Amino acid sequence: MIIFDRLWETMKEKGVSAYALREKHDIDSRTIRRLRANENVTTYTLNNLCEILDCKLEDIAEYVKK
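Not measured: the values here are computed from a predicted model.

How each quantity is defined
- Residues numbered from 1 in each chain as written.
- Predicted model: local features only at pLDDT ≥ 70, side-chain atom pairs only at ≥ 80, totals over all residues.
- Heavy atoms only, no water.
- Helix = DSSP H or I, 4+ residues; strand = E, 2+ residues; numbered from the N terminus.
- Buried < 20%, exposed > 50% of the residue type's maximum accessible area, 1.4 Å probe, protein only.
- Contact = heavy atoms within 4.5 Å.
- Arc of directions from axis to C-beta.

Thoughts on the side chain of Thr10
Relative to the helices and strands, Thr10 resides in helix H1 (residues 5-14). Classification of Thr10 as buried rests on a relative accessible area of 8%. With sequence-adjacent residues up to four places away left out, Thr10 is seen in contact with Leu53, Cys55 and Asp59.

Here it is, written out as structure tokens:
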């Protein structure tokens, strides 16, 4: 299972809010809800988040065995 707990930590460290993702970077609110619920998102979205936050994929996502 892929979880996005690290995303919220990285956002806090970088000073980027969910509001900024929506308003400044055009990340859809439904996508943010899916990230919060650890649901599927596209690799395009993951790529955008890494660009926005200037980070690596492992800074926003983690695989956890069920």
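A word on H1
All buried positions along H1 are accounted for by Leu7, Thr10 and Met11. Relative to the axis of H1, the buried residues are bounded by an arc of 100° and lie together on one face. Residues Lys12 and Glu13 are exposed on H1 and point more than 90 degrees away from its buried face. Its buried side turned inward, H1 meets helix H2 (18-23), helix H3 (29-36) and helix H4 (43-53).

Looking at the environment of Asp28
Relative to the helices and strands, Asp28 resides in the loop between H2 and H3. Note: C-alpha distance between Asp28 and Thr45 (17 residues apart in sequence) is 9.9 Å.

Observations regarding H4
Taken together, the buried positions of H4 are Thr45, Leu46, Asn48, Leu49, Cys50 and Leu53. Buried-residue contacts for H4 involve H1, H2 and H3. Asp54 sits one or two residues past H4 and shows a positive phi near 50°.

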